[in-house]
Amino acid sequence: SQHNKWGFKSFHVGPIQRIGSYHQCLLPSLCSKTPSYSYIIVGAGSAGCVLANRLSEDTHESVLLLEAGPKDMFLGSLRLSWKIHMPAALTYNLCDDKYRGGDGPLYVSRGKTNHPLHKAFIEAGQQAGYPFTDDMNGHQQEGLGWMDMTIYKGKRWSTASAYLRPTLGRPNLKTEVGCLTTKILFEGNVAVGVEYTQNGQTKKVYADKEVILSGGAINSPQLLMLSGVGNADDLKRLDIPVVQHLPGVGSNLQDHLELYIQQQCTQPITLYKAQKLFHMVKIGLEWLSLFTGYGATAHLESGGFIRSRPHVTHPDIQFHFLPSQVIDHGRVASKIEAYQVHVGPMRSTSIGWMKLKSPNPLDHPILQPNYLSTDIDVWEFRESVKLSREIFAQKAFDKFRGPEVQPGPHVQSDADIDAFVRQKADSAYHPSCTCKMGSPSDPMAVVDPSTRVLGLERLRVVDASIMPSVVSGNLNAPTIMIAEKAADIIRGHPPLVDPGVPVYQPPTLDKQR
């Protein structure tokens, strides 16, 4: 053996030498250069960055992370990527107790604006009969209180910041951006690598151990279907050779819907002025220079979780309060001084699906979420509107409350509320469950409890798509947890179990609050 110019040790075996994580052919007439790694991870999102970090902790393994999107901040300036990293364009680690870690890489913080409207929302919730919860991500989710945000020192703290960026110097981790993975490569029922396009070139790369899909609840099932894994009848119609018949791929699509209840504010204390050009420049300059001020928070600093009706065992409605009016996801400027609460059910029973439009990886798949397709979902949304209005009507808001902006005072009957919901409800961007985890006896399961794709070898899915049902809250933290758990399973680490952690139960199920 000898060291080559990169410092890797090379081993000569006939016409092929092994260089780091590459198979390099010494006789080009016999074979071509074929890169290979222990693990290939497709997607550098919430799950993929965690997996890249944890799997590359084993120095004897090599990891390739493929990301279709552009470079985040791997080599660039954080300030130049302000749209990604400024929380407003979208701090402390909380206590180390039975429900939280205290020394992990993902920093969690709470807002520092101390805004009077946030205080009014939490107080109004208590006046309406709901408890205050000092940690909705701890023992007691039920109630209203201060929200946790993945913000650290005034910057958005994504898994790219928390998990990936600190590991980019590891010699056994390679990250490629601008790579659209188009196909999983199989030999029989064994996943051996992937094909991807980058800068107009088609490339292949091979995995010595496993291929792991972490593209999310839309991309992971799309890639499986493009590779011949899915409903056999659908694949045959598109002339895609069937590798494994798994009808659950792309089925069971679940998401959270939400809408805004808006109230005009009688005092000039909302974020209305902050959205004027002069103030936006001022806020932006403070954030760019100091990472402080109104640009250093997402402003959704208070919120809560409540139950929609008696005999519901855990919260099924979520609130996010914002001291501002938002129109069309912020694409339209705020018109007035107003505040709003984002509200929606968390356990909707409407189930959708996604299918390929064509065998072309560049074609977006067909999505049919089937929102509001069950009577109970319609009722829960109607109740969400009524319960939000009840909170806004409490004494804590008396000195701030102007006329209702949305739905508006003319919307009172159940039929009118239902029509408003159908017009204004929008995705909270929580698609999930399209490659659901289950037992091999479940005909709609896609992965087993160890995240392995059923019927295939050396292929896993690790992202929000493997949830059997959507979680009662936002998806980012649970997806990070899934990736941490999967990394432990892949590496053969024992499970982290604490059987002594109590689970919250409402004081009574006979009442809604």
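One numbering rule holds for all chains: residues counted from 1, following each sequence as written. Totals for whole chains, interfaces and linings use all residues, but because this is a predicted model, local features are given only for residues with pLDDT of at least 70 and pairs of side-chain atoms are given and counted only at 80 or more. Hydrogens and water molecules were not included; the side-chain quantities draw on all heavy atoms of the structure.

K.L.:
Report on the overall build of the protein, specifying residues and quantitative values.
P.N.:
Helical segments are the DSSP runs of H or I of at least four residues, strand segments are the runs of E of at least two, and each set is numbered from the N terminus. Looking only at helices and strands, the protein has ten helices and 24 strands in total. Only protein chains enter the accessibility calculation, which uses a 1.4 Å probe; a residue whose area is less than 20% of its type maximum is buried, one above 50% is exposed, and one in between is partly exposed. Each of the 513 residues in the protein was classed as buried or not, and the buried ones make up 51%.

K.L.:
Residue-level account of helix α8 (residues 375-392), with values.
P.N.:
The end-to-end C-alpha distance of α8 is 26 Å, a good match for the 26 Å that 18 residues give at a rise of 1.5 Å each. Counting buried positions along α8 gives 13 out of 18 residues, so the element sits mostly inside the fold. Helix span, as expected, comes to 1.5 Å for every residue beyond the first.

K.L.:
Before we move on, can you summarise the side chain of D418 with the specific residues and values?
P.N.:
Tracing the backbone shows D418 in helix α9 (residues 414-424). The exposure class of D418 is buried, given its relative accessible area of 17%. In this structure D418 touches V378 and R382, once residues within four positions along its chain are discounted. In what follows, a contact means two residues having at least one pair of non-hydrogen atoms within 4.5 Å.

K.L.:
Please set out the pattern of salt bridges residue by residue, giving values where relevant.
P.N.:
Put simply, a salt bridge is a Lys or Arg side-chain nitrogen that is within 4 Å of an Asp or Glu carboxyl oxygen. Scanning all chains against the criterion turns up 23 salt bridges. Between R54 and E57 there is a salt bridge, with its nearest N and O atoms 3.0 Å apart. The class of E57 is partly exposed, set by a relative accessible area of 33%. Between E210 and R460 there is a salt bridge, with its nearest N and O atoms 2.7 Å apart. Here R460 lies in strand β24 (residues 459-461) and E210 lies in strand β13 (residues 201-213), a separation of 250 residues in the sequence. For the residue pair E210 and R460, the accessibility class agrees, reading buried in each case. Through salt bridges with shared partners, a single network forms among R54, E57, D58, E484 and R491.

K.L.:
Can you tell me about the UniProt feature "domain: Glucose-methanol-choline oxidoreductase N-terminal" (unreviewed entry) in the protein, naming the residues and giving the values?
P.N.:
UniProt positions are given in the numbering used here, feature names are shortened, and annotations may be inferred rather than shown by experiment. UniProt records the feature "domain: Glucose-methanol-choline oxidoreductase N-terminal" (unreviewed entry) for residues 216-230 in the present numbering. Taken end to end, residues 216-230 comprises 73% helix and 13% strand; its first and last C-alpha atoms sit 16 Å apart.

K.L.:
Any chance you could break down α9 for me, citing the residues and the numbers?
P.N.:
Considered for burial, the residues of α9 that qualify are I417, D418, F420 and V421. The buried residues of α9 occupy one face: seen down the axis, they fall within an arc of 160 degrees. Structural note: α9 exposes A415, R422 and Q423 on the side pointing more than 90 degrees away from its buried face. Contacts made by the buried residues of α9 are with β16 (257-265), α8 and β22 (401-406). Here the arc refers to the directions that run from the helix axis out to each C-beta atom.

K.L.:
Describe the packing of α8 against α9, and please don't skip the residues or the numbers.
P.N.:
As a rule, the C-alpha atoms of each element are fitted with a line to give its axis, helices using only the stretch in contact, and angles between N-to-C directions run from 0 to 180 degrees. With their axes 9 Å apart at the nearest point, α8 and α9 run at an angle of 100 degrees to one another. As judged from the angle between their axes, α8 and α9 are roughly perpendicular. Along its contact with α8, which presents V378, F381, R382, V385, K386 and R389, the element α9 presents D414, I417, D418, F420, V421 and R422. The scheme is simple: roughly parallel for angles under 35 degrees, roughly antiparallel for over 145, roughly perpendicular for 65 to 115, oblique for anything else.

K.L.:
Residue-level account of the packing of helix α1 (residues 46-55) against helix α10 (residues 476-491), with values.
P.N.:
Direction vectors running N to C along α1 and α10 enclose 30 degrees, while the axes themselves pass 8 Å from each other. Taken as axis vectors, α1 and α10 run roughly parallel relative to one another. Viewed along their axes, α1 and α10 form a crossing whose handedness is right-handed. Where α1 approaches α10, its residues S46, A47, V50, L51, R54 and L55 are matched on the opposing element by N476, T479, I480, A483, E484, A486, A487, I490 and R491. Left-handed describes a crossing in which the near helix is turned anticlockwise from the far one by less than a right angle; the clockwise case is right-handed.

K.L.:
Could you give me a rundown of unusual backbone geometry, with the residues and numbers involved?
P.N.:
Here the amide bond leading from Q406 into P407 is cis, since omega sits at 5 degrees, within 30 degrees of zero. Relative to the assigned elements, P407 resides in the loop between β22 and α9. Non-glycine residue N370 carries a positive phi angle of around 55 degrees. Turning to its location among the elements, N370 is positioned in the loop between β21 (366-368) and α8. Not every positive phi belongs to a glycine, and C433 is a case in point at roughly 75 degrees. Residue placement: C433 occurs in the loop between β23 (426-427) and β24.

K.L.:
I'd like a description of the packing of aromatic side chains, backed by residues and values.
P.N.:
What counts as a ring pair is set by centres within 6.5 Å for rings of Phe, Tyr and Trp (its six-membered ring), and what kind of pair is set by the plane angle: stacked under 30 degrees, edge-to-face over 60, tilted for all other angles. By the definition in use, this model includes eleven aromatic pairs. Note on Y339 and F392: the rings are 5.3 Å apart at their centroids and 80 degrees apart in plane angle, and the pair reads as edge-to-face. Taken together, the positions of Y339 in strand β19 (residues 338-345) and F392 in helix α8 put the pair 53 residues apart, joining distant regions of the chain. For Y339, a relative accessible area of 0% translates into the label buried. Given a relative accessible area of 2%, F392 falls into the buried group. Taken together, a centroid distance of 5.0 Å and an interplanar angle of 15 degrees make the contact between Y339 and F397 stacked. In this pair, Y339 sits in strand β19 while F397 sits in the loop between α8 and β22, placing the two residues 58 residues apart along the sequence.

K.L.:
So, a nonpolar patch on the surface: which residues are in play, and what are the values?
P.N.:
A cluster of nonpolar side chains, contributed by L277, V281 and L285, occupies part of the molecular surface with about 320 Å² of accessible area. Structurally, V281 is set in helix α7 (residues 277-290). V281 sits in the partly exposed class, given a relative accessible area of 45%. Patches draw on residues past 30% relative accessible area with no salt bridge. Two like charges within 9 Å are joined, as are two nonpolar side chains (Val, Leu, Ile, Met, Phe, Trp, Tyr) within 5 Å. Here, Shrake-Rupley sampling with a 1.4 Å probe gives the accessible areas, and only protein chains in the shown set may cover a residue.

K.L.:
Would you mind going over the environment of G48 in detail, with residue names and values included?
P.N.:
Relative to the assigned elements, G48 resides in helix α1. Distance from G48 to L66, taken between C-alpha atoms, is 9.0 Å for residues 18 residues apart in sequence. Apart from the residues within four sequence positions on either side, G48 is in contact with I41, G43, L65 and S214.

K.L.:
How would you sum up the pairing of strand β17 (residues 302-306)? Please name residues and give values.
P.N.:
Regular strands place side chains that alternate from one sheet face to the opposite one. Among the five residues in β17, five count as buried, and that is most of the element. Neither face of β17 is exposed, since S302, G304 and I306 on one face and G303 and F305 on the opposite face are all buried. Strand pairing is assigned whenever DSSP detects at least two bridges linking the two strands. When β17 meets strand β18 (residues 317-322), the two strands line up antiparallel, connected through five bridges. Residue pairing in the sheet places S302 in a bridge with F321 of β18.

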